[in-house]
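# Observations on the three-dimensional arrangement
Each chain, written out:
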Protein chains: 2
Amino acid sequence: MRVRWALEEAGQPYDVRLVSFKAMKEAAHRALNPFGQIPTYEEDGLALFESGAIVLHIAQRHAGLLPDEPNARARAVMWMFATLNTVEPPILDLQTAKFAEGDKPWAAERLALVKDRIRQRLGELSIYLGDAGWLDGAFSAGDLMMVHALLRLRPSGLLDEYPNLAAYAARGEARPAYQRAFAAQLAVFTSKPPAD
Amino acid sequence: MRVRWALEEAGQPYDVRLVSFKAMKEAAHRALNPFGQIPTYEEDGLALFESGAIVLHIAQRHAGLLPDEPNARARAVMWMFATLNTVEPPILDLQTAKFAEGDKPWAAERLALVKDRIRQRLGELSIYLGDAGWLDGAFSAGDLMMVHALLRLRPSGLLDEYPNLAAYAARGEARPAYQRAFAAQLAVFTSKPPAD
């Protein structure tokens, strides 16, 4: 979804190759990503994995996702790292706590700890953002990453505890490029699954 | 340590301003990093946080940390993201399991789960690396990040379960720039702590 959204913001056409859960762990896919994950990205002579690296690659080569002024550009990239390294880890840990460890005797008590770690990061981000529209001036790849990470939280109800962050995420979601990417992603799930 | 190492590889002089645990959470520091963490980085007109963003900024502006060829450069940046997003999270979770949750009744059983998640990533990385010297051609900022993440694991004994990764980390550690950075970092701990 992040890569689709970035390509839509940059106005670049793309083709999608779906990978089944089984194929993701097999040698052909591991040749593209040794960790057996998606997404991967291919263009002439270049193969990449890691959604952050792919979004940054797209953002550096096309207008629309990074400011031109060098310092503002460095700060936009900083917000990509801040998403992946500081805000998103406890959000992903919520999935671990709920699903990978949901059957453990400690599940409920640990879930509360993880939610508090998420609240700490959301509280700090909420204070930083204040009533600004985006993280640092105009919409950037940093906002793209952050909005997507926050949207993962919406089903938990945690995002709505921070009205300015909920509004920020909704602002990202309302962008036409997001809407096009979301419709394309949704179409994957409403069509048949990939063959192994 | 990552930022020191990058500056040493790039041959750039720097000054260090220490921040106490108390000061890290106060308003003056939060103006540099809203999440109240270190490191932060300042040069004329620019303030950054997130070690990955700082290392990338240094690597993009000075020779020695990224290849010139655009595709190889994109792959080196990809390995920075792979470190922070895929390899390091379970390594950092080991700290959470041991310290933040070390007094919980589930600590021992969960520690085993976390160690297995680390082994999964190390096993995949070990297969990928094989007998290569660095992740993708010459030493890059991707190796700098990965070696530092792996070295965090050494006290646990997990790194030594993968001899090629242990040798890779030792190769990074042996670089003169790492040695200079380590000596400078060590000197911080052998001198007096910063005043609040």
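See the structure printed just above.
Along each chain, residues carry numbers from 1 onward, in the same order as the chain's sequence is written. In the order they appear in the text, chains get letters beginning with A and ligands get numbers beginning with 1. With the structure being a predicted model, the display of local features is reserved for residues of pLDDT at least 70 and the display and counting of side-chain atom pairs for 80 or more, all residues being used for whole-chain, interface and lining totals. Only hydrogens and water are set aside when side-chain values are computed; all heavy atoms of the structure are taken into account.

We now examine the pattern of salt bridges. Residues and elements named next belong to chain B. Just to be clear on terms, a salt bridge is a Lys or Arg side-chain nitrogen sitting within 4 Å of an Asp or Glu carboxyl oxygen. Taken as a whole and judged by the stated rule, the model has 34 salt bridges over all chains. We note a salt bridge from Arg180 to Glu8, for which the minimum N-O separation is 2.8 Å. Linking Arg180 in helix H9 (residues 176-190) with Glu8 in helix H1 (residues 2-9), this pair joins segments that are 172 residues apart in sequence. Exposure is judged per residue with a 1.4 Å probe applied to protein chains only, and the accessible area is read against the type maximum: over 50% gives exposed, under 20% gives buried, and values in between give partly exposed. Overall, Glu8 belongs to the buried group, its relative accessible area being 18%. Note that Arg119 is salt-bridged to Asp116, the shortest N-O span being 3.1 Å. Where helices and strands are cited, they refer to DSSP runs of H or I of at least four residues and of E of at least two residues respectively, numbered from the N terminus.

Here the focus is the pairing of strand E2 (residues 46-49) of chain B. Residues and elements named next belong to chain B. For two strands to be treated as a pair, DSSP must find no fewer than two bridges joining them. Bridge count between strand E1 (residues 40-43) and E2: four bridges; the pairing is antiparallel. Among the inter-strand pairings, Tyr41 is bridged to a residue of E2, identified as Leu48. In this structure, the hairpin formed by E1 and E2 is closed by a connection of two residues, where Gly45 is found at a positive phi of approximately 75°.

What follows concerns the packing of aromatic side chains. Two rings belonging to Phe, Tyr or Trp (six-membered ring only in the last case) form a pair when the distance between their centres is within 6.5 Å. Interplanar angles under 30 degrees mark stacking, angles over 60 mark edge-to-face geometry, and anything in between is tilted. A complete count under the given rule lists 20 aromatic pairs over all chains for this structure. Plain terms: the ring middles of Trp106 of chain A and Trp106 of chain B are 6.5 Å apart, the flat faces sit at 40° to each other, and that makes the pair tilted. Placement of the pair is Trp106 of chain A in the loop between helix H5 (70-100) and helix H6 (107-129) and Trp106 of chain B in the loop between helix H5 (70-100) and helix H6 (107-129), with the two residues belonging to separate chains. With respect to burial, Trp106 of chain A and Trp106 of chain B carry one shared label: buried. Between Tyr178 of chain A and Phe182 of chain A, the aromatic rings sit 6.1 Å apart at their centres with planes inclined by 15°, giving stacked as the arrangement. Of the two residues, Tyr178 of chain A and Phe182 of chain A both sit in helix H9 (residues 176-190), four residues apart, roughly one turn of that helix. In this structure an aromatic cluster arises from ring pairing among Trp5, Trp134, Phe139, Tyr168, Tyr178 and Phe182 of chain A. Both a distance and an angle decide whether a charge sits over a ring: NZ of Lys or CZ of Arg must be within 6 Å of the ring centre and within 35 degrees of the ring normal. The ring of Phe139 of chain A has Arg175 of chain A sitting right over it, with the charged end atom 3.6 Å from the ring centre.

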